[in-house]
Amino acid sequence: QVRVVESGGGLVQAGGSLRLSCAVSGSIFRINSMGWYRQAPGKQRELVATITNSKIINYADSMKGRFTISRDNAKNTVYLQMNSLKPEDTAVYYCLVGIRDSLNAPMDIWGKGTLVTVSS
């Protein structure tokens, strides 16, 4: 089985920073893409950023400049550094990974999310 576990969420004041982590474990042949999405109350889930195993990065336009995605392939972990946080960044942040499992079958797996709350 493959596990995807996010951490690092919490309560922060506007203007503050948080660093989210997402660790992947289990029977994995290869991790391809890793990414962050978020879902605010009453809204649809939206892209934050993605990063491939060759570290090609894509950001949603509204996230550019404040958020930075990175990954440590040795640790099977992806990070999201969030700076200058705003109340509208309040959401559950989800990690999505695209993998090849131990049988080389492709799978997309979501984590359960971590809540980020930004107070004004």
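See the structure above.
If you're wondering where the values come from, they're calculated on a predicted model, not measured in any experiment.

A. Fine view of the sheet that holds strand β3 (residues 18–26). The four strands lie next to each other as β1-β3-β8-β7, forming an open sheet whose pairing is antiparallel. Since the sheet does not close on itself, it has two edges, and those belong to β1 (2–7) and β7 (67–72), each with one partner. Averaged over all pairs of adjacent strands, the angle between strand axes in this sheet comes to 15 degrees, irrespective of strand direction. As defined by bridge partners, β3 adjoins strand β8 (residues 77–82) across six bridges and the pair is classed as antiparallel. Residue C22 lies in a different strand from β8, and its bridge partner there is V78.

B. Just the environment of K112, in detail. In this structure, K112 sits in the loop between β10 (106–110) and β11 (114–119). Sequence separation of K112 and C95 is 17 residues, and the distance between their C-alpha atoms is 7.9 Å. In contact with K112, not counting residues within four places along its chain, are V4, E6 and Y94.

C. Representation of the state of the cysteines. Tallied over the full model, the rule gives one disulfide. Put simply, C22 and C95 are joined by a disulfide, and their sulfur atoms are 2.1 Å apart. On the sign convention where negative is left-handed, the bridge of C22 and C95, at about -85 degrees about the S-S bond, is left-handed. Here C22, found in strand β3, pairs with C95, found in strand β9 (residues 91–101); they are 73 residues apart in sequence, far enough to count as distant.

D. Main features of the packing of aromatic side chains. Under the counting rule described, the total for this entry stands at two aromatic pairs. Taking the centre distance of 5.1 Å and the plane angle of 70 degrees together, the rings of Y37 and W110 count as edge-to-face. With Y37 in strand β4 (residues 28–39) and W110 in strand β10, the pair connects residues that are 73 residues apart, well separated along the chain. Taking the centre distance of 6.3 Å and the plane angle of 90 degrees together, the rings of Y94 and W110 count as edge-to-face.

E. How the structure looks around the nonpolar core. W36, L80, M82 and Y93 are the most contacted members of the largest nonpolar core, which totals 31 residues. Within the residue set of this core, elements represented by two or more residues are β1, β3, β4, β5 (46–51), β7, β8, β9 and β11. Dropping the residues within four chain positions of it, M82 is found in contact with G16, S17, L18, L20, R66, F67, Y93 and V116.

About the cut-offs
- Residues numbered from 1 in each chain as written.
- Predicted model: local features only at pLDDT ≥ 70, side-chain atom pairs only at ≥ 80, totals over all residues.
- Heavy atoms only, no water.
- Pairing = 2+ DSSP bridges.
- Helix = DSSP H or I, 4+ residues; strand = E, 2+ residues; numbered from the N terminus.
- Axes fitted to C-alpha atoms, helices over the stretch in contact; angles between N-to-C directions.
- Contact = heavy atoms within 4.5 Å.
- Disulfide = S-S within 2.5 Å.
- Phe/Tyr/Trp six-rings, centres within 6.5 Å; stacked < 30°, edge-to-face > 60°.
- Core = buried A, V, L, I, M, F, W, Y, C linked by side-chain atoms within 4.5 Å.
- Buried < 20%, exposed > 50% of the residue type's maximum accessible area, 1.4 Å probe, protein only.

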